[in-house]
Structure formats: C-alpha cells, structure tokens
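Observations on the three-dimensional arrangement
Listed here are the chains, written in short residue letters.
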Amino acid sequence: MDIVGNVLPQVLKDEATEDKGEMARLQSFVGAIAVADLVKTTLGPKGMDKILKPTGPGQEMTHITVTNDGATILRSMYVENPAAKILIEISKTQDEEVGDGTTTVAVLAGELLREGEKLIQKRIHPQHVIAGWRIARDVALKRLRDISSENDINSQEFHDDLVKIARTTLSSKLITTDRDYFADLCVKAVLRLKGSSNLDYIQIIKLPGGTIRDSYLDDGFILKKQITIGCKRRIENAKILVANTAMDYDKIKIYGTKVKVNSMDKVAEIEAAEKEKMKHKVDKILKYQPTVFVNRQLIYNYPEQLLADSGITVIEHADFEGMERVAAATGAEILSTFDAPERSAQVLGHCDLIEEIMIGEEKMIKFSGCKKNEACTIVLRGASTHILDEVDRSIHDALCVLITTVKNRRVVWGGGNSEMQMAAACEEEAKKVQGKQAFAIEAFARALRQIPTIICDNGGYDSAELIQNFKVELQKGNQICGLNMTDGTIGNMSELGVKECLRVKEQALMAASEAAELIMRVDDIVKCAPRKRERA
Ligand code: ADP
Ligand code: MG
C-alpha cells in the first residue's frame, strides 16, 4: 500500500468500507473460485450429488433437497462475496435460457479466474488478460460453430439425435440407469409440441409411490382434482367453460357481516335475495351452454346443485396453474363475467373425452383429445418426494434442452469433445498473436481443458493421462473422440451416443467468459451501508 492512501482524508462514512487494488481482486477471485469448486464435483456423468439442508429457526422441519443440478445448488446458497454472487447469477441465467450446462458455466468461469490470477501474478495487466480472452472466446466460438452439424427436422437422424441429447443430459442425474426410458419419454413429449416452445403444455405430476420405472407419458391433460359428487363422471365431446368467479355466497356469512334485523323472517329474506342473485349468475352461465364447468374458486352447494341439475359436470377449486393449463390445452378463455353468451363458441374449450381416472390411490380428471393436441402429461412415480423432486428437475432440464435443440437444430459431440476442440483452436491462435495477450489466450485454452479434466477426475480416472491421449487423438484428426466414462478410456462419441445441443455450449462459453471478464475488471470493492434518511 502506498502512503498516500493512508494520509488521504476520510471520504467514506464510518459504515462504508473499501477494499482496493490487489485486495479487491483477490477477494473476488477467492469468492468466485470457491463457488466454482463447490459445484465442481457434480460435473459429468459420474458427478456426485449434494444435500441441501435449510437452517435457521423454524426451518429444521422443512424438507431437504438431494440434487446434482448446478443451478439448484447455487440458487439455494446464501453468499456474501460479490463475485460469488455473479457466478450464481450466470448459472441461474443459463438454467432459464437453455436449461442445461449450469454446472459447466460456473466451473468454466471459476477456472478462467484461476488462470487469470496466475497471469496477474506474472505482472500481466488485467486489460491485457481481458483482450486476450476476448480473442480466445471468438476463436473458440467459431470452432464450436464449425464442428456442429445440422439435420433436417423431420429426418430419422434428427430424432435419434434428440434421444441422444436427452440421454446425455440425463446421464449425470439420479435416473441415469433408466435414462433410455426417460429420454424416449421426453422426446415424445417435446415432439408433440410441434415446434412450439411452450412448456406449459407438458404437465408434470408427481405422485409418491411405486418405482421410478412406473412413470409414464399420458397423451392428454390430467388435472389433480375430483369431479363433484352427483355429476356425470364421463363426458364425451365436452364443451368446457373455465371460470374464475366467486360462487360461494348463497348463504349469509353471519360472522363476517353485520346486519340489524328485528325478526328471523328478515334474515330469511336476505338469504333468499342472496340466493336469487346466485341463481341469476348460474342462469347467465347456462346461457353459454357448456357441458363442463371448471371454476378456480369454491362452489357452494346451491349453485353446484343448480348446475348439476342442468346436467353440467362441475369441477371446483382447481388451482390457478391447473386452470390456466386446462384453458391452454382445451383452447378456452378464462372468464370472470358472463355477459356475452353470443361469444360462447370462442370462449368455450373443447375436448373429446373427460373422465375420472385412478393413478396410484388418487383420483384425477383426464382430458383427452384436447383442441390443442400438443398437451400431454408426464406422471412421475417414485419412492419418496426427494427422489420425485430430483427426477422432476432432471426431466425439466431434458425438456428444456430438447426444446432448444428443436429450435436451433445444431448439435455437437459431448464427452468433452467440444471443449477440447475449442482449446485446440485457442492454442493454434496463440501461436499467431504477438504480445502478452498470447499468454491469456493460452490460459483460456487451459481453462476449457479443465472441463473434461474435471469430468475424468470425478469418475476416479487418471485425468492427466486421459487428457493427453485425448489431445493426441484429436491431433490425429479423429473428430468424434471423447471421454468414455464407463471404461475410463478415449472412445468414439458416435458409438456411445453422447451428443449435446450447440446452444447450451455456446451459452456456457459466452456467459462464463463474460462473467470472468467482469470480475477481472474489478479493482475496488466498496461496501455501502444502506442509505439513511437525512435529517432536514
Ligand atoms: P451441467 O450441469 O453443466 O449440465 P452435467 O453434470 O450435466 O453438468 O455434466 C455435463 C458434462 O458431462 C458435459 O460436458 C457432457 O459432455 C458430459 N457427459 C455427459 N454424459 C456423458 C457421457 N455419457 N460420457 C461422457 N461425458 C458425458
Ligand atoms: Mg447437464
């Protein structure tokens, strides 16, 4: 520290603190690398899982999470270090944008910073490092795009690719033993969407009981509700009115209301008036001529009876999400006023059959042959809620990746292939660049190579030897080699069927290098106390 820093008059208030130069940078590096190291062990098909346990008063009973998903782990972490927060943020964004590669992005950013720290120790200015990284990133991105391939959307190859991509995504998860089964299931669900990216049409229902293998795909929409007693349990060619309206005031709620009357007759009168209002509402609903009425709110006995008497099947108290999905799948509009029965044809939803079904021990309502035929339901079974939650997260990852792939259609080989190829491209580039930036470009290559290295380490294999063999194999021109994680050798990715979506890799590369650059630029951390109200 120079002396000037010490003799400067105090600029910051007492509550605020400042870390400068080396200290600030070191703090950021340490924070980011610590976060990356935390999720490092979950990377790859042989990655380990983590248990997340909430602490604090009143939290002991809330249930724990067992997961392998980088974004889930990072999301539940509570950190103080600002650089660590940046890493958590990029992992979250990766999850929202493409659904997979959430561990990769955090690990890559961490490794870049580890390399960056070494460069700074060698007295290379951060601006040179950043300039070098930018060159490296562009070169890597170009190589990544060059090695990707595209298939026609309707071809059998594309379909096979989708299954392989789903398998790769699922292979690091709990359901890895059943990954073929689930990969197939996810692909079928996504292909039903016919290019749309609305995940709402794919509903996931989790029901404890049975085994993971009892999970299945149901073509139709399933609502976790029961049909009201006294109504028809099977409706063909249903016309569905979906509503969000109050239907619960046929009786006076004595406790909530204050009415002054001088005889019981008056109470009866008021009650009759309320009933009349309700009947009026039901009449308005009937004008739409639905055969099924789904309401988000409770329906009291009186209106329920009126509706049932008119031969309408009533489903009450559907949760909001369920109701929105029913509306989306059957092509209905959600109504809360009923003054335009002439629009009935547009606002009513339609489906071929509604029936009550049993899954495990629970009764549910199934809508099949919906107007929007994209809708389907994945019913997950499993021994405990922890397992079901993790399976749900894994399936969600796979569905997101598949939707991205259907949109983008470009795929690359997995098993570390793309990272090794990108690293090779960076190294070739480093030979051509003059000046200190070349060191940064080489560092970028080393960081990329860490991804397959960590995947090997997590599987308990000798990474130094494997990665060297990998390099040589690529050098020889074998474009489809990659890590064979069952035997611990360099294998053929085409035979092993390990493929990945280009978008996932692109996004991971861009996000990681941006985050690393952002953290690299820091030379000052000012901690500010929350602003207090100034006295006038
Ligand atoms: P992320 O959260 O980043 O998706 P994963 O734990 O899913 O992390 O690991 C993804 C990495 O594992 C990818 O680089 C992928 O190529 C690699 N991988 C997945 N399955 C296999 C496999 N069967 N053989 C070799 N590598 C695999
Ligand atoms: Mg993954």
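The rules behind these values
Residues numbered from 1 in each chain as written. Chains lettered and ligands numbered in written order. Predicted model: local features only at pLDDT ≥ 70, side-chain atom pairs only at ≥ 80, totals over all residues. Heavy atoms only, no water. Axes fitted to C-alpha atoms, helices over the stretch in contact; angles between N-to-C directions. Helix = DSSP H or I, 4+ residues; strand = E, 2+ residues; numbered from the N terminus. Parallel < 35°, antiparallel > 145°, perpendicular 65-115°, else oblique. Left-handed = near helix turned anticlockwise from the far one by under 90°. Contact = heavy atoms within 4.5 Å. Nonpolar A, V, L, I, M, F, W, Y, C, P; charged D, E, K, R; others polar. Buried < 20%, exposed > 50% of the residue type's maximum accessible area, 1.4 Å probe, protein only. Pairing = 2+ DSSP bridges. Near = heavy atom within 4 Å. Polar contact = N/O pair within 3.5 Å; in protein donor to acceptor, adjacent residues only side chain to side chain. Areas by Shrake-Rupley, 256 points an atom, 1.4 Å probe, with all protein chains shown as cover. Salt bridge = Lys/Arg side-chain N within 4 Å of Asp/Glu carboxyl O. Phe/Tyr/Trp six-rings, centres within 6.5 Å; stacked < 30°, edge-to-face > 60°. Lys NZ or Arg CZ within 6 Å of the ring centre and 35° of its normal.

1. A few points about the packing of helix α4 (residues 82-97) against helix α18 (residues 502-520)
One can describe the packing of α4 onto α18 by two numbers: an axis separation of 10 Å at closest approach and a directional angle of 160°. As judged from the angle between their axes, α4 and α18 are roughly antiparallel. In terms of crossing hand, the pair formed by α4 and α18 is right-handed. Listed contacts from α18 to A83, I86, L87, I90, Q94 and E97 of α4 are R503, V504, Q507, A508, A511, A512, A515, L518 and I519. Counted by class, the contact of α4 with α18 contains 11 nonpolar, two polar and two charged residues.

2. Focus on the pairing of strand β14 (residues 376-382)
For β14, the tally of buried residues reaches seven of seven residues, placing the bulk of the element in the interior. Along β14, one buried face is formed by C376, I378, L380 and G382 and the opposite face, lined by T377, V379 and R381, is buried too. In terms of strand pairing, strand β6 (residues 216-218) meets β14 through three bridges, oriented antiparallel. The partner of L217 across the bridge, within β14, is I378.

3. As for the site of ligand 1
In the vicinity of ligand 1, 22 residues are found, and the nearest of them are D100, T103, T104, S171 and S172. T103 is positioned with one of its side-chain polar atoms (N or O) 2.6 Å from an oxygen atom of ligand 1. Between ligand 1 and S171 there is a distance of 2.7 Å, counted from a nitrogen atom to a side-chain nitrogen or oxygen. The protein chains hide 95% of the 570 Å² of surface that ligand 1 would expose on its own. No other element matches helix α5 (residues 102-121), which puts three residues into the shell around ligand 1. For the shell around ligand 1, a count of residues per class yields six nonpolar, 13 polar and three charged.

4. Looking at the sheet that holds strand β4 (residues 149-150)
Taken together, the three strands give an open sheet; going across it, the order is β4-β15-β18, and neighbouring strands pair in antiparallel fashion. Two strands bound the open sheet, and with one partner strand each, they are β4 and β18 (499-501).

5. Quick notes on the sheet that holds β6
Taken together, three strands build an open sheet; the order of strands is β5-β14-β6 and the sheet is mixed. The open sheet terminates on both sides in strands that have one partner only, identified here as β5 (202-208) and β6. Strand-to-strand, the axes of this sheet are offset by a mean angle of 25°, without reference to chain direction. Across the sheet, helix α13 (residues 385-408) touches β5 and β14, and the angle it forms with β5 is around 165°.

6. Comments concerning unusual backbone geometry
Although it is not a glycine, Q289 sits at a positive phi angle of roughly 55°. If you trace the backbone, Q289 turns up in the loop between α9 (264-286) and β9 (292-295). One non-glycine residue, R409, lies in positive phi territory at about 70°. As for its placement among the helices and strands, R409 is situated in the loop between α13 and β15 (410-413).

7. Focus on the pattern of salt bridges
Under the counting rule described, the total for this entry stands at 37 salt bridges. Residue R114 pairs with E111 through a salt bridge whose shortest N-O separation is 3.3 Å. Of this pair, R114 and E111 both sit in helix α5, three residues apart, which is roughly one turn of the helix. Taking relative accessible area as the criterion, R114 reaches 24% and is therefore assigned partly exposed.

8. Description of the packing of aromatic side chains
Counted under the stated rule, the structure contains three aromatic pairs. A ring pair is formed by Y181 and F182, whose centres lie 5.5 Å apart and whose planes are at 85°; its orientation type is edge-to-face. Ring geometry for Y288 and F338: centres 6.3 Å apart, planes at 85°, overall edge-to-face. Of this pair, Y288 sits in the loop between α9 and β9 while F338 sits in the loop between β11 (334-335) and α12 (344-347), and the two are 50 residues apart along the sequence. A residue is classified by how much of its surface remains accessible, and Y288, at 3% relative accessible area, is buried. For F338, a relative accessible area of 4% translates into the label buried. A cation over a ring is seen here: R213 above Y181, with NZ or CZ 4.7 Å from the ring centre. Stacked on the ring of Y302, the Lys or Arg K275 has its end atom at 4.9 Å from the ring centre.

9. Some words on the environment of I135
By secondary structure assignment, the location of I135 is in helix α6 (residues 126-147). Residue I135 is classed as partly exposed on the basis of its relative accessible area of 28%. Considering only alpha carbons, one finds I135 and E429, 294 residues apart in sequence, at a separation of 8.6 Å. If sequence neighbours within four positions are ignored, I135 has contacts with E429 and I441.

Without other data, these values stay purely geometric and don't point to any function.
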